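An overview of the molecular structure
Chain by chain, the residues:
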Amino acid sequence: MTPFLLDINVLLGIAWQDQQSHTTVFPWFKSTGRQNFATCAISQSGFVRISSSVQFRPNPVSIKEAFQALTTLIEMPGHTFWPIDIGILEATASFADKLFGPLQLTDAYLLGLAITNGGTLVTRDRAIPQLAGKAFAKHVLLLK
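Along each chain, residues carry numbers from 1 onward, in the same order as the chain's sequence is written. With the structure being a predicted model, the display of local features is reserved for residues of pLDDT at least 70 and the display and counting of side-chain atom pairs for 80 or more, all residues being used for whole-chain, interface and lining totals. As a rule here, side-chain values cover all heavy atoms of the structure and leave hydrogens and water aside.

Overview of helix α1 (residues 8–15)
Counting buried positions along α1 gives six out of eight residues, so the element sits mostly inside the fold. Within the span of α1, buried status applies to Ile 8, Val 10, Leu 11, Leu 12, Gly 13 and Ile 14. When accessible area is computed with a 1.4 Å probe and restricted to protein chains, residues below 20% of their type maximum are described as buried, those above 50% as exposed, and intermediate ones as partly exposed. The way it works is that DSSP assigns letters per residue, a run of H or I at least four long becomes a helix, a run of E at least two long becomes a strand, and they are numbered from the N terminus.

Okay, here's the thing in structure tokens:
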């Protein structure tokens, strides 16, 4: 079974019912994703940062509460932690020519990490499939 690397926006939708994406993301996770999913230091830290930030969430939680929610997710039986063991240049080498702005770097790294690990990046970000292109389309699952 192909492992699913969960993007930050997917982690947020799984954990927090007040997220607009919860009604889309949580059912997918419950039926499919939780059986074989991965996170990495980038997705975990982004989850905690956004969960506890008033700039990004109308009802932010404390960092402690965000850590608790993350712990609940990563202690699930289907979870695997992927170490960040490649650099940004290596992770994005195959599609770097498609990058057009600095806000794409985290997404590009996560996509490269998924490709390197033979997985699929699960995201709500509509720009990632274009970044992957046809060559890496099988490594992206866009939840609408």
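Overview of the environment of Gln 44
Tracing the chain through its elements places Gln 44 in helix α3 (residues 41–51). Of the residues examined, Gln 44 reaches a relative accessible area of 15% and is grouped as buried. Along the backbone, Gln 44 and Leu 105 are 61 residues apart, and their C-alpha atoms lie at a distance of 16 Å. Should any heavy atoms of two residues lie within 4.5 Å, those residues are considered in contact. Once you skip the residues sitting within four places of it in the chain, Gln 44 turns out to touch Thr 39, Leu 70, Ile 74, His 79 and Phe 81.

Details of the packing of α1 against helix α2 (residues 22–31)
At a minimum axis distance of 8 Å, the contact between α1 and α2 shows a crossing angle of 90 degrees. Classified by the interaxial angle, the pair formed by α1 and α2 is roughly perpendicular. Here Val 10, Gly 13 and Ile 14 of α1 come into contact with α2, specifically with His 22, Val 25, Phe 26 and Phe 29. Under the convention adopted here, Pro, Cys and the residues Ala, Val, Leu, Ile, Met, Phe, Trp and Tyr are nonpolar, Asp, Glu, Lys and Arg are charged, and Gly plus all remaining residues are polar. Partitioning the contact of α1 with α2 into residue classes produces five nonpolar, two polar and no charged. In this description, a line fitted to the C-alpha atoms serves as the axis of each element, helices being fitted only across the stretch in contact, and the angle between N-to-C directions of two axes falls anywhere from 0 to 180 degrees. Angular relationships are summarised with four words: roughly parallel below 35 degrees, roughly antiparallel beyond 145, roughly perpendicular across 65 to 115, and oblique for the angles in between.

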